[in-house]
Amino acid sequence: MLTERQILILTTIIRLYTDYGNAVGSKTLMNEAGLNYSSATIRNEMGRLEELGFIQKTHSSSGRIPSIKGYRFYVDHLVHPDKVTSKDIAIIKSSFGNEFHELDEIVAESAEVLSQLTSYTAITLGPELKDSRLTGFRLVPLSDFQVMVILVTDKGHVENQIFNLPKSINGYELEKIVRIFNDQLVGYPLVEVYQKLKNDIPQLLQKYVRTPIGIIDVVDNIITRAAQDRIFVRGRMNILDFNEAMDVEKFKSIYNLMDGNTSLTSLINQSHEGIEVKIGQELQNELFQDFSLITASYDVVGHGSGMIALLGPTSMPYSKMIGLVDVFRNELSQKMIEYYRSMED
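About the thresholds
Within every chain, residues take consecutive numbers counted from 1 along the sequence as written. In keeping with the model being predicted, local features are shown solely for residues with a pLDDT of at least 70 and side-chain atom pairs are shown and tallied solely at 80 or more, while totals for entire chains, interfaces and linings include all residues. Remark: hydrogens and water are excluded; side-chain values derive from all non-hydrogen atoms of the structure. A run of H or I in DSSP becomes a helix once it reaches four residues, and a run of E becomes a strand once it reaches two; helices and strands are each numbered from the N terminus. The cut-offs for exposure are 20% and 50% of the maximum accessible area for each residue type, with area from a 1.4 Å probe on protein chains only; residues under the lower value are buried, those over the upper are exposed, and the others partly exposed. Here an angle of 0 to 180 degrees is reported between the N-to-C directions of two axes, which are lines fitted to C-alpha atoms, with helices fitted over the stretch in contact. Convention used here: angles under 35 degrees read as roughly parallel, angles over 145 as roughly antiparallel, angles from 65 to 115 as roughly perpendicular, and any remaining angle as oblique. For a crossing to be left-handed, the near helix must be turned anticlockwise from the far one by less than a right angle; the clockwise case is right-handed. Any pair of residues with heavy atoms lying within 4.5 Å of one another is described as a contacting pair. Residue classes follow a fixed rule: Ala, Val, Leu, Ile, Met, Phe, Trp, Tyr, Cys and Pro count as nonpolar, while Asp, Glu, Lys and Arg count as charged, and any other residue, Gly among them, counts as polar. The pairing criterion is simple: DSSP has to find at least two bridges between the two strands. What makes a nonpolar core is a set of buried Ala, Val, Leu, Ile, Met, Phe, Trp, Tyr and Cys residues whose side-chain atoms join them at distances within 4.5 Å. Each domain span listed reflects an automatic or database assignment of domains. Only centres within 6.5 Å qualify two rings of Phe, Tyr or Trp (six-membered ring in Trp) as a pair; their planes then separate them into stacked at under 30 degrees, edge-to-face at over 60, and tilted for everything else. Both a distance and an angle decide whether a charge sits over a ring: NZ of Lys or CZ of Arg must be within 6 Å of the ring centre and within 35 degrees of the ring normal.

Naming follows an unreviewed UniProt entry, where the chain appears as Heat-inducible transcription repressor HrcA of Carnobacterium maltaromaticum.

Of note in this structure, Ser119 is not a glycine but carries a positive phi near 65°. Of note, Gln284 is a non-glycine position whose phi angle comes to about 55°, a positive value. For Gln284, the position within the fold is in the loop between β8 (275–279) and β9 (291–299). A relative accessible area of 76% means that Gln284 is categorised as exposed.

Turning next to the packing of helix α5 (residues 86–95) against helix α14 (residues 318–344). Orientation of α5 relative to α14, taken along the N-to-C sense of each, is 30°, at an axis distance of 10 Å. Relative to α14, the element α5 lies roughly parallel. Between α5 and α14 lies a crossing of right-handed hand. Contacts between α5 and α14 pair Asp88, Ile89, Ile92 and Lys93 from the former with Leu324, Val327, Phe328 and Glu331 from the latter. Taken together, the residues that form the contact of α5 with α14 break down as 5 nonpolar, no polar and 3 charged.

With that out of the way, let us pick up the sheet that holds strand β5 (residues 146–153). Whether parallel or antiparallel, the strands of a sheet pair through hydrogen bonds between backbone atoms. The strand order β4-β5-β6 describes an open sheet built from 3 strands, whose pairing is antiparallel. With partners counted over all chains shown, the strands left at the sheet margins are β4 (134–143) and β6 (158–164), one partner each. In this sheet, neighbouring strand axes are inclined to one another by 20° on average, regardless of whether the strands run parallel or antiparallel. By the bridge criterion, 7 bridges tie β5 to β6 in an arrangement that is antiparallel. Bridging from a neighbouring strand, Leu151 pairs with Glu159 of β6.

Judged by pairing direction, the sheet is antiparallel, and its 5 strands sit side by side in the order β7-β3-β10-β9-β8 without closing on themselves. The open sheet terminates on both sides in strands that have one partner only, identified here as β7 (231–234) and β8. On average, each strand axis in the sheet is tilted by 15° relative to the strand beside it, whichever way the strands run. Its contacts with the sheet place α14 against β8, β9 and β10 (305–313), and it is angled at close to 30° to β9.

Let us now look at the nonpolar core. Formed by 80 residues in total, the largest nonpolar core has its most connected members in Leu29, Phe288, Phe291 and Tyr318. Per-element accounting of this core gives the leading share, 11 residues, to α14. Both domains that furnish three or more residues to this core are identified here as domain 1 (4–78) and domain 2 (86–129 + 230–344). Filtering out sequence-adjacent residues up to four positions away, Tyr318 remains in contact with Tyr71, Tyr74, Val75, Val79, Val277, Ile279, Ser292 and Pro313.

Time to look at the packing of aromatic side chains. Under the defined criterion, the tally for this structure stands at 7 aromatic pairs. Note on Phe96 and Phe328: the rings are 5.6 Å apart at their centroids and 55° apart in plane angle, and the pair reads as tilted. Taken as a pair, Phe96 in the loop between α5 and α6 (103–118) and Phe328 in helix α14 lie far apart in primary sequence, 232 residues in all. Judged by its relative accessible area of 5%, Phe96 falls in the buried class. The ring of Phe54 has Lys69 sitting right over it, with the charged end atom 4.7 Å from the ring centre. The ring centre of Tyr188 lies 4.6 Å from the NZ or CZ of Lys196, which sits over that ring.

What follows is the structure, encoded as structure tokens:
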């Protein structure tokens, strides 16, 4: 266990390194931080902190910088979330004051705003959709041989896809298809809809529709899209701003990884609810050994839960960012609830 003096020195080193990005020496701690200890005492304590693995030397300076272990101890035991400024709160409320027509617009906007507020990379995941029910199915004619297939869920999620009709199908058969889909699919959870598309629906279509068509595949594809996690990433280029020494190939790998929902879902997966901080190797990906990730879940009563995440350097100001993320997730949750209420009116 660290002594009070060691904790004070470690906290001060982290604060100074976070603010200025320079290795911290004993003279800096005495002159700029105002620690009321002798230079020899501070050096001895810094040496002990280094032995314990909480700080480390850099190659270019005699000063010290926090280690991953130091940041971990700081986050676990010393961080107190900062109060969010009235200016930042006003920005958040203003951004969520816009009129949104789809759930994804809110999730995407939240990633954009969080990225702009922090200058880091923001990742947002919409409320879970796997338990959604299909509440609407429509075919909208676009031409004699094209229709738009539209599906709506009870969570306000809308998916659509354009489908080319075979020349052999007529309007009467198209009406039968719509009736079958509405009778057999609407009102059921998406998981059951998916199963019905595999088993029951093909037999019904063969019975009532003269010419088998590929509309099942189209609807199947739309259902899959509607049920998958919806992830939005904003501020990917910010990675270069807080990690200028990153080589081009590593940046390309990180950038490409953020295009894939599966990889991102694994990256931001939380081990518990609330706010969680993962640092360096804890992200279990060597690409992110110099990064920290703050993740926070948010609840939308009656409609599942989502997640926001902030990817930045290990030297991020944790107190400020944790406080901001906490306020942000509550505002996002409230906006989601308002959106669902408007859908019910």
